[in-house]
Amino acid sequence: QLGLLTGDYDMALETVENVLETEPDNHVAHYYKGVVLGSRAETIENPGERQPYYQRARESFDTAKSLMTELEELPAEYEELENTVISFWADEYNAGVNIQNDDSLFNATENPYEVSLAHFKNAATINPDRSMTYQVMSSTYFQLDDVENAITTYETAIDLLEQPAADDYEYLISLYLYENRYDDAIRL
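This section reports on the structure supplied with the text. (Residues numbered from 1 in each chain as written. Predicted model: local features only at pLDDT ≥ 70, side-chain atom pairs only at ≥ 80, totals over all residues. Heavy atoms only, no water.)

## Notes on the side chain of threonine 109
In step 1: Residue placement: threonine 109 occurs in the loop between helix H6 (103-108) and helix H7 (112-126).
In step 2: At 2.7 Å, the side chain of threonine 109 forms a polar contact with the backbone oxygen of leucine 105.
In step 3: If sequence neighbours within four positions are ignored, threonine 109 has contacts with Ile99 and Val115. (Helix = DSSP H or I, 4+ residues; strand = E, 2+ residues; numbered from the N terminus. Polar contact = N/O pair within 3.5 Å; in protein donor to acceptor, adjacent residues only side chain to side chain. Contact = heavy atoms within 4.5 Å.)

Following this line, the structure appears as structure tokens:
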């Protein structure tokens with residue numbers, strides 16, 4: 001915790017990994033490893049270089065969550081874990097949305113759609129269960145003339161939605177039609 005508070009992420013990571021060497025099933029250590037890695041990712045200026053840290057953080061959070069659910073009683077860190085993941089996700093998601101929605105930020109950002117896409121990829125990495133991330137990511141791919149990724153990303157969004165709306169199907173159909181994938185459009 002001291003390393004997190006002071007921003008010494010290398011020290012914090014070393015500390016938590018030392019604990020995990022002797023106690024590989026320590027759910028608290030796995031949780032804090034995720035927090036350290038996610039916090040470290042946020043300090044990297046280029047969002048395109050953050051994803052490996054978020055990937056490792058996600059793996060640590062998943063391990064911690066799995067270990068916590070095996071306990072007789074869920075520890076306090078379980079709810080903290082959920083809130084922490086949502087916080088990292090929201091920071092990346094909102095950063096991507098803000099670039100596209102704020103004209104001055106959009107114009108001040110070199111390659112704004114690519115930067116925005118990097119934020120969305122980070123958001124999807126740390127929290128892969130949010131359909132809205134894939135929805136805006138799909139739109140961003142479309143803006144970048146990468147229709148094939150726009151399609152596969154929106155297919156992921158629809159898979160995550162409990163009950164997709166008619167607009168969701170219409171958007172994906174329009175992407176299929178754009179790519180002359182008539183059988184897929186008809187099926188959908």
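The structure having been displayed, the exposition proceeds.
## Quick word on the pattern of salt bridges
In step 1: Tallied over the entire structure, the rule returns nine salt bridges.
In step 2: Between arginine 58 and aspartate 62 there is a salt bridge, with its nearest N and O atoms 3.0 Å apart. One end of the pair is arginine 58 and the other is aspartate 62, both in helix H4 (residues 51-69) and four residues apart, which spans about a single turn.
In step 3: Residue aspartate 62 is classed as partly exposed on the basis of its relative accessible area, which comes to 37%. (Salt bridge = Lys/Arg side-chain N within 4 Å of Asp/Glu carboxyl O. Buried < 20%, exposed > 50% of the residue type's maximum accessible area, 1.4 Å probe, protein only.)

## Description of the environment of serine 174
In step 1: Position of serine 174 among the secondary structure elements: in helix H10 (residues 166-178).
In step 2: Relative accessible area serves as the criterion here: at 37%, serine 174 is assigned to the partly exposed category.
In step 3: The spacing of serine 174 and alanine 41 is 133 residues in sequence and 36 Å in space, taken between C-alpha atoms.

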